[in-house]
Amino acid sequence: MQSDNTAPPTTSDIRLDIISMHEWRVCDRRYPERDARCVLGFIEREQFTYHATHIQPSGSVENYGSLATATASFSVD
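Parameters at a glance
- Residues numbered from 1 in each chain as written.
- Predicted model: local features only at pLDDT ≥ 70, side-chain atom pairs only at ≥ 80, totals over all residues.
- Heavy atoms only, no water.
- Helix = DSSP H or I, 4+ residues; strand = E, 2+ residues; numbered from the N terminus.
- Rg over C-alpha atoms; globule rule 2.2 N^0.38 Å.
- Buried < 20%, exposed > 50% of the residue type's maximum accessible area, 1.4 Å probe, protein only.
- Contact = heavy atoms within 4.5 Å.
- Areas by Shrake-Rupley, 256 points an atom, 1.4 Å probe, with all protein chains shown as cover.
- Lys, Arg positive; Asp, Glu negative; His and termini not counted.
- Charge placed at Lys NZ, Arg CZ, Asp CG, Glu CD.
- Pairing = 2+ DSSP bridges.
- Axes fitted to C-alpha atoms, helices over the stretch in contact; angles between N-to-C directions.
- Patch = residues over 30% accessible without salt bridge, like charges linked within 9 Å, V, L, I, M, F, W, Y side chains within 5 Å.
- Salt bridge = Lys/Arg side-chain N within 4 Å of Asp/Glu carboxyl O.
- Phe/Tyr/Trp six-rings, centres within 6.5 Å; stacked < 30°, edge-to-face > 60°.

(A) Region of the structure containing the overall build of the protein. Within the protein one finds one helix and five strands. Helices (α) and strands (β) of the protein occur, in sequence order from the N terminus, as β-β-β-β-β-α. In summary, the protein has a C-alpha radius of gyration of 12 Å against a globular reference of 11 Å for 77 residues, a match within 12%. Across its three principal directions, the C-alpha atoms of the protein cover 35 × 20 × 20 Å. For the protein, the proportion of its 77 residues judged to be buried stands at 32%. For the protein, the share of sequence-separated contacts (at least 6 apart) that also reach a separation of at least 24 residues comes to 28%. Only carbon and sulfur atoms are counted for the fraction: they give 54% of the accessible area of the protein, which is about 4900 Å². Considering the protein, the positive charge centre built from 7 side chains and the negative charge centre built from 11 side chains are found 6 Å apart.

What follows is the structure, encoded as structure tokens:
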């Protein structure tokens, strides 16, 4: 959960910013782009796996078979 007691993001709150051809920054569109709370984590594609690195709560890395599934892992729905 977010430290300011804001509800966790839903799918519609998530925005992907392209970093490179195989990397995306996962953002919460409810916050301004320059607000650090905006960044939820990162997704990196490596061959057929998408590695989702969640900044909060624990910095965990999870593996998924698609970009859509990796993106959905950052939302509550």
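(B) Spotlight on the sheet that holds strand β2 (residues 23-28). One open sheet holds the five strands; their spatial order is β1-β2-β3-β4-β5, and the pairing between them is antiparallel. Edge positions in the open sheet fall to β1 (14-20) and β5 (61-64), since each of these has one partner strand only. Here the average twist between neighbouring strands, direction ignored, is 25°. Pairing of strand β4 (residues 49-54) with β5 involves four bridges; the strand directions are antiparallel. Paired with threonine 53 across the bridge in β5 is valine 61.

(C) How the structure looks around a nonpolar patch on the surface. Residues Ile19, Phe42 and Ile55 make up a contiguous nonpolar surface patch of roughly 250 Å² in combined accessible area. If you trace the backbone, phenylalanine 42 turns up in strand β3 (residues 39-46).

(D) View of the packing of aromatic side chains. Scanning the entire structure with this criterion turns up one aromatic pair. Centroid distance tryptophan 24 to tyrosine 50: 6.2 Å. Interplanar angle 40°. Geometry classified as tilted. Highlighted residues: tryptophan 24 in strand β2 and tyrosine 50 in strand β4, separated in sequence by 26 residues. A relative accessible area of 10% means that tryptophan 24 is categorised as buried. We classify tyrosine 50 as buried; its relative accessible area is 15%.

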